[in-house]
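# Remarks on the overall topology
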Amino acid sequence: MPHTFIYTLSYKSPAGEMLLGSYKDQLCLADWRYRKMRQRVDARLQAFLKTDFKPGDNEILRNTAKQLDEYFHEGRRQFDVPLKLCGSDFQQKVWQQLLQVPYGITETYLGLSRKLGDEKAIRAVASANGANAISVMVPCHRIVGSDGSLTGYAGGLEAKRKLLRLEGVALPGIQPVLF
């Protein structure tokens, strides 16, 4: 059987540079290139999928870039790229719950913990949120502090602010985009 790689492609978004990665016709990576946990996230993907990264181009990566362009410039609200979520069972439960947070709506870490059935798991939920390797499409940017404040984000708080502003979210210090 031929060796299957995680094929990667750089994508320049209005909120910062991203690294896209596909594995066997699924998107496994759409993450901020210069995030603090870049090496840790990449190592987790390589271990989970038992393969290496290789620069490349394919239909999944082109379709992901197209859908991200539509999100950033034309108001796309949902994505239909097939996803490969690579993490522990708990992380995957958190990421599946993130997928339920609608465009233009925020949720708190505490609210997410409650939806997962354990409000005491708030730190673990926050950690899983931070380990998300598929930013924007698995919308971890929509999770805010209990007081509505912007809290840590892999792409940086300015990127989080831009994404929420793009989606029309009204938060303290953020003016929504009016069309």
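Summarised in this report is the structure supplied together with it. None of these values were measured; they are calculated from a predicted model.

What counts and how
Chains are numbered independently. Their residues run from 1 in the order of the written sequence. Per-residue local features of the predicted model are confined to residues with pLDDT of at least 70, and side-chain atom pairs are confined, for both listing and counting, to 80 or more; whole-chain, interface and lining totals are unaffected and use all residues. Computation of side-chain values: all heavy atoms of the structure, hydrogens and water removed. Each residue is placed in one exposure class: buried if its accessible area under a 1.4 Å probe, protein chains only, is under 20% of its type's maximum, exposed if it is over 50%, and partly exposed if it falls in between. The helix and strand labels rest on DSSP assignments: H or I over at least four residues marks a helix, E over at least two residues marks a strand, and numbering proceeds from the N terminus. Starting at the helix axis, one direction is taken to each C-beta atom, and the arc is that of these directions. Contacts between residues were defined by any pair of non-hydrogen atoms, one from each residue, lying within 4.5 Å. Angles run from 0 to 180 degrees between N-to-C directions of axes, and those axes are lines fitted to C-alpha atoms, restricted for helices to the stretch in contact. Every angle not falling under 35 degrees, over 145, or within 65 to 115 is termed oblique; those three ranges are roughly parallel, roughly antiparallel and roughly perpendicular. Each residue is assigned to one of three groups, with Ala, Val, Leu, Ile, Met, Phe, Trp, Tyr, Cys and Pro labelled nonpolar, Asp, Glu, Lys and Arg labelled charged, and all others, Gly among them, labelled polar.

A separate point is helix α5 (residues 122–130). The set of residues buried in α5 consists of Val-125, Ala-128 and Asn-129. The arc that holds every buried residue of α5, seen down its axis, measures 105°, which confines them to one face. The secondary structure elements touched by the buried residues of α5 are α3 (89–98), α4 (109–115) and β6 (143–144).

Packed helices, taken two at a time, are described by the angle their axes make and the gap between the axes. Between α3 and α5, the least distance of the axes is 9 Å, while the angle of their chain directions is 75°. Looking at the two axes, α3 sits roughly perpendicular to α5. Mapping the contact onto sequence places Phe-90, Gln-91, Val-94, Trp-95 and Leu-98 in α3 and Ala-124, Val-125, Ala-128 and Asn-129 in α5. Residue composition of the contact of α3 with α5, grouped by class: 7 nonpolar, 2 polar and no charged.

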